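Each chain, written out:
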Amino acid sequence: MASEIDNSRSGSTTNGESPPCAPHKVALITGITGQDGSYLTEFLLDKGYEVHGLIRRSSNFNTQRINHIYIDPHNAHKARMKLHYADLTDASSLRRWLDTILPDEVYNLAAQSHVAVSFEIPDYTADVVATGALRLLEAVRSHIAATGRNHIRYYQAGSSEMFGSTPPPQSETTSFHPRSPYAASKCAAHWYTVNYREAYGIFACNGILFNHESPRRGENFVTRKITRAVGRIKIGLQSKLFLGNLQASRDWGFAGDYVEAMWMMLQQEKPDDYVVATEDSHTVEEFLQVAFGYVGLNWKDHVVIDKRYFRPTEVDNLKGDASRAKKVLGWKPKVGFEQLVKMMVDEDVELAKREKVLVDAGYMDAQQQP
Ligand code: NDP
Ligand code: GDR
């Protein structure tokens, strides 16, 4: 990644494979450096979009998930993905980039997305997840009012966590009962989005996505924490895995499938809200069984329960009813539970092998994870 990111105006760049004057849509993605942002960027670039991502300043580069599609701005004529500094806590930056980029579609994926961490930093979580969404919606509204660009479409990354303690199956008509500052903030963002749709006629959709995972999942979410440990235990770099509640049940899908549903929502005639889920739910313990079993290990030999990973209030059972997305969008998941677990384990075994080379050469401590 280059030391500075490109801040040039849009509209002048096309990929080398596209004809110079080919019409293309322009997308703006917040949270582009996250798991979903990276898959959505790949998906939209494949569809011929010009993609602009807002990234926040950090003391280390935070673009690992998109480095493989980044083109140095000095070769800007080739680049169809551009990155700009902004933050959901900074309203002026949001409006400025909307006015500069002139997007057709805005995907609001940015969030402090860790449920347990939201109990530690509730105020910040609300500022980014709830008020951040409001800031972006307001920026879109005022941008439309100033420019007349009312064809702009907005996607809000909603979450199954909003259902919280309401029993499954959960659909668009199921009531919310959030169980964390994160979930309560996502509920606020959900209703801000509905309100801006109703009040100002903005084409705004809430995707209510159930858990979705991938080899790019953050390493402190339970699925990736498990598959990283499986890889490292298999290769001999680790022996124990400390976890919390193993009885929670989640409807886990593949992130690559879910970003397609986000895009589909914005291609409809009318804006609406959609649950996106596999309609299949498994406990954390079942995830452990499949992940460890796949490489010939018994999870019971390695997992240690640590109270610190229990949450003050837990979400026990999530299982989506995605009938509306199936019927209206024609969306369905392609990757099932076992395939997902195996995909993640395969990647993390390979990653652990690479770590082992560094450990054996004395470049890395076995405890340390790059
Ligand atoms: P990640 O945690 O992987 O990514 C979050 C992104 O938000 C990162 O790019 C992060 O930047 C960015 N971000 C965090 N704070 C700010 C801020 N203040 N201003 C600007 N950007 C910020 O999340 P996922 O990709 O997994 O999820 C995407 C969205 O979907 C999130 O809103 C999440 O809450 C929601 N969601 C996720 C589900 C899932 O199972 N993955 C399910 C349902 C909803 P940085 O890289 O610098 O940290
Ligand atoms: P979740 O995902 O809270 O569902 O939110 P996470 O993987 O963090 O937890 C899932 C379940 O596993 C239990 N658990 C542990 N969780 C973590 N992180 N670490 C542990 O050691 C551990 N042990 C057990 C948890 O208690 C929980 O029940 C994810 C995020 O991506 C949100 O942003 C998103 O909105 C929801 O999914 C849908």
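Preceding this paragraph is the structure being described.
Residues numbered from 1 in each chain as written. Chains lettered and ligands numbered in written order. Predicted model: local features only at pLDDT ≥ 70, side-chain atom pairs only at ≥ 80, totals over all residues. Heavy atoms only, no water.

With that settled, the discussion passes to the pairing of strand β3 (residues 81–85). Extensive coverage of β3 is indicated by the burial of four of its five residues. By the bridge criterion, five bridges tie strand β2 (residues 50–55) to β3 in an arrangement that is parallel. By the bridge assignment for β3, glycine 53 is matched with leucine 83. (Buried < 20%, exposed > 50% of the residue type's maximum accessible area, 1.4 Å probe, protein only. Helix = DSSP H or I, 4+ residues; strand = E, 2+ residues; numbered from the N terminus. Pairing = 2+ DSSP bridges.)

Pairing in this open sheet of seven strands is parallel, and the strands run β3-β2-β1-β4-β5-β6-β11 from one edge to the other. Looking at strand neighbours, the two that pair on one side only are β3 and β11 (273–276), the edges of this open sheet. Each strand axis lies, on average, 20° off the axis of its neighbour in the sheet, ignoring direction. Packed onto the sheet, helix α2 (residues 91–101) meets β1 (26–30), β2, β3 and β4 (105–108) and runs at close to 150° relative to β3. Contacts from helix α7 (residues 255–265) reach β4, β5 (153–159), β6 (203–209) and β11 within the one sheet, and its direction differs from that of β6 by about 155°. (Axes fitted to C-alpha atoms, helices over the stretch in contact; angles between N-to-C directions. Contact = heavy atoms within 4.5 Å.)

Within the structure, ligand 1 sits among 25 residues, and Thr33, Asp36, Asp87, Ser113 and Tyr182 are positioned closest to it. At a separation of 2.9 Å, an oxygen atom of ligand 1 approaches a polar backbone atom of leucine 109. Contact between ligand 1 and tyrosine 182: an oxygen atom at 2.5 Å from a side-chain N or O atom of the residue. Ranked by residues supplied to the shell around ligand 1, first place goes to β5 with three residues. When the residues that make up the shell around ligand 1 are grouped by side-chain class, the tally is 10 nonpolar, 10 polar and five charged. (Near = heavy atom within 4 Å. Polar contact = N/O pair within 3.5 Å; in protein donor to acceptor, adjacent residues only side chain to side chain. Nonpolar A, V, L, I, M, F, W, Y, C, P; charged D, E, K, R; others polar.)

This paragraph deals with the site of ligand 2. Lining the immediate environment of ligand 2, one finds 23 residues, of which Ser113, Ser159, Tyr182, Arg311 and Glu314 sit closest. Between ligand 2 and arginine 217, the relevant distance is 2.9 Å, taken from an oxygen atom to a side-chain nitrogen or oxygen of the residue. A distance of 2.6 Å is found between an oxygen atom of ligand 2 and a side-chain nitrogen or oxygen belonging to arginine 311. Its free accessible area being 700 Å², ligand 2 has 96% of it covered by the protein chains. Counting only elements with at least two residues in the shell around ligand 2, the list comes to α6 (222–235) and β8 (241–243). (Areas by Shrake-Rupley, 256 points an atom, 1.4 Å probe, with all protein chains shown as cover.)

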